Amino acid sequence: MHLYLFAICAADGQTIRANILNDIDTSKTYLFYLHGQIKIEHGKGISQYFGVYEYQSILDTFASYGYKVISEARPINADDGVYSVKVSKQIDTLLKAGVNPAKICIVGASAGAYITIDAAIRVKNKKIKYAILGMCEPDTYKSYLGKELCGNFLSIYEASDPHGSCAILFDDKHCIKSFMEIRLNMNNSHAFLYKPYKEWVHPLIDWINKTD
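Everything numeric in this text was worked out from a predicted model, so none of it was measured.

Rules behind the numbers
Residues numbered from 1 in each chain as written. Predicted model: local features only at pLDDT ≥ 70, side-chain atom pairs only at ≥ 80, totals over all residues. Heavy atoms only, no water. Helix = DSSP H or I, 4+ residues; strand = E, 2+ residues; numbered from the N terminus. Rg over C-alpha atoms; globule rule 2.2 N^0.38 Å. Buried < 20%, exposed > 50% of the residue type's maximum accessible area, 1.4 Å probe, protein only. Areas by Shrake-Rupley, 256 points an atom, 1.4 Å probe, with all protein chains shown as cover. Lys, Arg positive; Asp, Glu negative; His and termini not counted. Charge placed at Lys NZ, Arg CZ, Asp CG, Glu CD. Core = buried A, V, L, I, M, F, W, Y, C linked by side-chain atoms within 4.5 Å. Contact = heavy atoms within 4.5 Å. Axes fitted to C-alpha atoms, helices over the stretch in contact; angles between N-to-C directions. Parallel < 35°, antiparallel > 145°, perpendicular 65-115°, else oblique. Left-handed = near helix turned anticlockwise from the far one by under 90°. Nonpolar A, V, L, I, M, F, W, Y, C, P; charged D, E, K, R; others polar. Disulfide = S-S within 2.5 Å.

Participant: Would you take a moment to explain the overall build of the protein for this structure?
Facilitator: Check the secondary structure of the protein and you find four helices and nine strands. Listing every helix and strand of the protein by position from the N terminus yields β-β-β-β-α-β-α-β-α-β-β-β-α. Compactness check: the protein gives a C-alpha radius of gyration of 16 Å against a globular reference of 17 Å for 212 residues, within 12% of the reference. Dimensions of the protein along its principal axes, counting C-alpha atoms only, are 45 × 40 × 35 Å. Counting across all 212 residues of the protein, residues that qualify as buried make up 52%. For the protein, the exposed area adds up to about 9900 Å²; of that, 51% sits on carbon and sulfur atoms. When the 23 basic and 22 acidic side-chain charges of the protein are each reduced to a single mean position, those positions are 5 Å apart.

Here is the structure:
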């Protein structure tokens, strides 16, 4: 059995939000979280294959590290393009307010990882961090080959998950400042990203805090 992290809830509503507001704190790290393709209700989603998606627990975990967390529960049939544009505009708002791009991180899980990659293509800033979890199922990522990705990138995947390595996406790209990939061996397939398991949370947090 894998242990996952229980974190403090941001009860005052100031740490976890759906959108960027006017009170931008340039000293903080801003973390965008884009969840997988599952209907979120009351902070959770249910998959017949992988169980409960602990959306709120994941957000609370990120907030417990002191990050300003930006995340929105998307409809099940959401248009990825609409959300990649929205995230890109929110990133632009932070940059214009004076937030260091190295203090902006976009984390995408499964379907959310595609939005994350789209945002990286749109924003084109080498210092921003992008983390993708469980994205690269065979053939589904090929439309991104040949497109210019820009930023610092981390890929995390589970060895038992059909969504495997994303390394090929980052080969021979001139606008990529860094790329790191982590292979997990939790033996729980795509469910590895359904809860804030320490196996992926700890290396992700270390990467966010160390990458400049």
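Participant: Whenever I open this one, the nonpolar core confuses me. Can you help?
Facilitator: For soluble globular proteins, nonpolar side chains are generally found buried alongside one another. Counting 33 residues, the largest nonpolar core has Y33, Y53, F62, I156, W200 and L204 as its most contacted members. Listed by contribution, the elements that provide at least two residues to this core are β2 (30-34), α1 (55-64), β6 (104-109), β7 (129-133), β8 (151-158), β9 (176-184) and α4 (198-210). Per-element tally for this core: the top contributor is α4, with six residues. Not counting residues within four places of it along the chain, the set of residues in contact with Y33 comprises Y53, Y55, I58, L59, F62, I70, S71, E72, V107, A109 and L193. Membership of the second largest hydrophobic core comes to 32 residues, among which are V99, Y130, C136 and Y141.

Participant: What am I meant to see in the packing of helix α2 (residues 80-96) against helix α3 (residues 111-123) here?
Facilitator: Between two packed helices, both the angle of their axes relative to each other and the distance between the axes serve to describe the pair. The contact between α2 and α3 brings their axes to 8 Å, and the two run at 50 degrees. As judged from the angle between their axes, α2 and α3 are oblique. As for the relative orientation of α2 and α3, their crossing is right-handed in sense. Taking contact as the criterion, the partners of D80, G81, Y83, S84, V85, V87, S88 and I91 in α2 are, on α3, A111, Y114, I115, D118, A119, R122 and V123. Of the residues contributing to the contact of α2 with α3, the split by class is nine nonpolar, three polar and three charged.

Participant: For this particular structure, what's the right way to read the state of the cysteines?
Facilitator: Disulfides are covalent bonds that connect the sulfur atoms of two cysteines. One pass over the structure, following the stated rule, counts two disulfides. Disulfide pairing places C136 opposite C166 at an S-S distance of 2.1 Å. Across the S-S bond of C136 and C166 the torsion is about 115 degrees, and the bridge reads as right-handed. With a gap of 30 residues between them, C136 in the loop between β7 and β8 and C166 in the loop between β8 and β9 connect regions that are remote in the sequence. Considered together, C136 and C166 belong to a single accessibility category, that of buried residues. Bridging C150 to C175, the disulfide has an S-S length of 1.7 Å.

Participant: Would you explain the packing of α1 against α4 in this entry?
Facilitator: As a packed pair, α1 and α4 sit with axes 12 Å apart at the nearest point and diverge in direction by 35 degrees. Note that α1 runs across α4; the crossing there is right-handed. Seen from α1, the contacting residues are I58, T61 and F62; seen from α4, they are W200, V201, L204 and I205. Tallied by class, the residues present in the contact of α1 with α4 amount to six nonpolar, one polar and no charged.

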